[in-house]
Each structure stands twice: as structure tokens, then as C-alpha cells.
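# Summary of structural features
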Amino acid sequence: MTQPLVDPFQRAITYLRVSVTDRCDFRCVYCMAENMTFLPKKELLTLEELDRMCSTFVRLGVRKLRITGGEPLVRRDIMTFFRSMSRHLDSGALEELTLTTNGSQLERFAADLYAAGVRRVNVSLDTLDEEKFARVTRWGRLPQVLRGLDAAQAAGLKVKLNAVALKGFNEDEVETLTRFCATRGMDLTWIEVMPMGDLGNEDRVGQYWSMKDLRARLSESYTLTDLPESTGGPARYVRLEETGQKIGFITPLSHNFCESCNRVRMTCTGELYMCLGQEDMMDLRPALRNHPGNDAPLEQAIRQAIGLKPEGHDFDYSRQRADGQVSRHMSHTGG
Ligand code: SF4
């Protein structure tokens, strides 16, 4: 029997988030510069390598796989990867295969995703105002995303919206977004980002808006009941008594979830980040590429990495690079 992955603080690692590309068809102002230089193709894990990597994690006890980016659905042939991962769902080794997307390609891929065993998707959407959407995403068009949401629901996928809370930008849309989700039977999660004053971004569209303030805003219109459930991640949930909806709040740098943390993240080049709030990582690519056909060194490297998972993040903002990358994984993948 393969020993499952357990970190030095006795937390079982059962959740892997995998970025399959650094590219995106949007240029959200809090995430990317307009003229981005992306990684050369040879740096990226091939689809076969991604398969080998993820399958090794599944063999070591990962039960939930979330595919992220950039925008995962812009990676060429990505459906081949999803289809191939579905064998782990079929075998029962994997409980859930899911993704976080900007929704732009859902119209095209929703049915294929469902066929590959995906049942839930998180769609990042900060505003329902067409003009504001164009402003925040630079290249995105709202109607395309709305058609994507329709397609996803029509295909049978359960959709959750992730909205980044931006003061002065979508503050006035708390109710609109809540109602939108209520009428469509979608969950909604708000994500707090770090103060963004120093991103060096001329296109600033909003500012730090704390979850505390957002909650207060919501409670002006609804009765909020705290829900005890936790997913081992940074989200906390409430129920709105008037609508029965579940609303999530993600405060990525709060400490309150570290003790139940069950997750690690891998970049599209095979770097494994053990903790959202720290930049320590292990490059798994050499163990993968230097030993084709032999997964033992990779397994060993993964175990070694998990052995380095810190107890919690140190909350020291100075360790974070304020260049938007940290902001991306918080805003786009939500921890
Ligand atoms: S936040 Fe998401 S949708 Fe926007 S540019 Fe970044 S990866 Fe793309």
C-alpha cells in the first residue's frame, strides 16, 4: 500500500490545485499587465507530463483536483487532459475533478467538461455591468461569459461565482450579484484581496474592501446565519435567511484555516507551492523529466515537499511580491 501524504503537522494532503497555463484571454487589471510575456512552451509541462504528475498525486491520496490557470480552457487540447483524468474518477481514486475559469470558453467546452466527469465549476466574475467588465478584464466581453454560464448550467454543471471585492468598483453590486445568483441557483463567494496600492497598475479599478465591511453591507438587506462548514480552505460561509442562499467569504491571508489546510498548489511548470501565504516551493519538474517511465523519484520529491509544508503562513506582507502574482492566485484561484 502506498502511504498517503501527511505533512509534519498531521494534515492529510488531499487537494491539489494545478495551473495548466499561465496564459489568459483576459487581462484583468489586478492580475496581468496588458502586454504580458508568457513562458516559453518548453518550460510548461506537456499534457502527458501533467497527467503523470496529477496521477502520481492521486496515487498518493489526492482526492480532489482543481484545474486553474491563467485561464485553463485556453490551453490547446486541454480537453484531452480532462478526459484522461476522468479515469481516476471512474476508478474511484479521485472524488472530484473541477476547475476555476473566467467563463469565456464555457460555451464551447461545458458539455465536454461534463462528459469528462466535471460536475462543478467556479467562474470568476466581478461585475454584471458590461462597461465595468470590459474595464476590469480589458479584453473580456460580458455577454460571452454570460453565454458561458448558460451553457454550463444547461450542461448540468453546478456553477459558483467568485467575485473579487473591490471598493468603489463593485461595492454597489452586492445586491445585484446576490440576486443574479439566487435566480440562477448559483453559489456566490466574495474574495478579499490585498491592498492594491503598490501593484504599479495605472488601471486601478478599485481598492481593498474588507470582508468585514462587505458582510456589514450584506446584512443591511439580509439576515445572515453563519454556517459551520469548512472545506479545509480559507472560505467561510453564511446563509441568507430571506433567499436560502449560501454566500462565501474568502480572506486568503487570515490564519483561521491553517490548522485544517489540506491543499497544495502546482504551477504549470511543475513548481509545488506548499502554502498560499508563503513563497517557498519545490520544483518537481526535474524528478519528472529526468526519470521517464519511473515515478519513484517523483513520489519521493513530492513526499519531501510535503514534509516541508509549514504550519501556517507568517502573515508577513514583506515576503510577498507585490507584483500581481500573489494577487492573482488569491483573486483568481481564491486559495
Ligand atoms: S484574473 Fe483570471 S481572467 Fe483575469 S487575467 Fe488573470 S487569469 Fe485571466
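Small disclaimer: the values here were computed from a predicted structure and weren't measured.

What counts and how
Residues numbered from 1 in each chain as written. Predicted model: local features only at pLDDT ≥ 70, side-chain atom pairs only at ≥ 80, totals over all residues. Heavy atoms only, no water. Salt bridge = Lys/Arg side-chain N within 4 Å of Asp/Glu carboxyl O. Helix = DSSP H or I, 4+ residues; strand = E, 2+ residues; numbered from the N terminus. Buried < 20%, exposed > 50% of the residue type's maximum accessible area, 1.4 Å probe, protein only. UniProt positions renumbered as here; feature names shortened; annotations may be inferred.

### So, the pattern of salt bridges
Scanning the entire structure with this criterion turns up 21 salt bridges. Close ionic contact of R135 with E131 constitutes a salt bridge, the shortest N to O distance being 3.0 Å. Residue R135 and its partner E131 are both found in helix 4 (residues 130-137); the two are separated by four residues, about one turn of the helix. The partly exposed category is assigned to R135, whose relative accessible area is 41%. Classification of E131 as partly exposed rests on a relative accessible area of 48%. K158 is the salt-bridge partner of D187, the closest N and O atoms lying 3.8 Å from each other. On the criterion of sequence distance, the pair formed by D187 in strand 7 (residues 187-191) and K158 in strand 5 (residues 158-164) is long-range, its members being 29 residues apart. Each member of the salt-bridge network shares a partner with another, and the members are R52, R59, D295 and E299.

### What to know about the UniProt feature "binding site: [4Fe-4S] cluster 2" (unreviewed entry) in the chain
According to UniProt, the positions carrying the feature "binding site: [4Fe-4S] cluster 2" (unreviewed entry) are C258, C261 and C275. Taking the farthest pair of C-alpha atoms as the criterion, the annotated set spanning 18 residues converges on one region, since that pair is 9.1 Å apart. Mapped onto the secondary structure, C258 falls in the loop between strand 11 (246-250) and strand 12 (263-266). Tracing the chain through its elements places C275 in the loop between strand 13 (271-273) and strand 14 (281-283).

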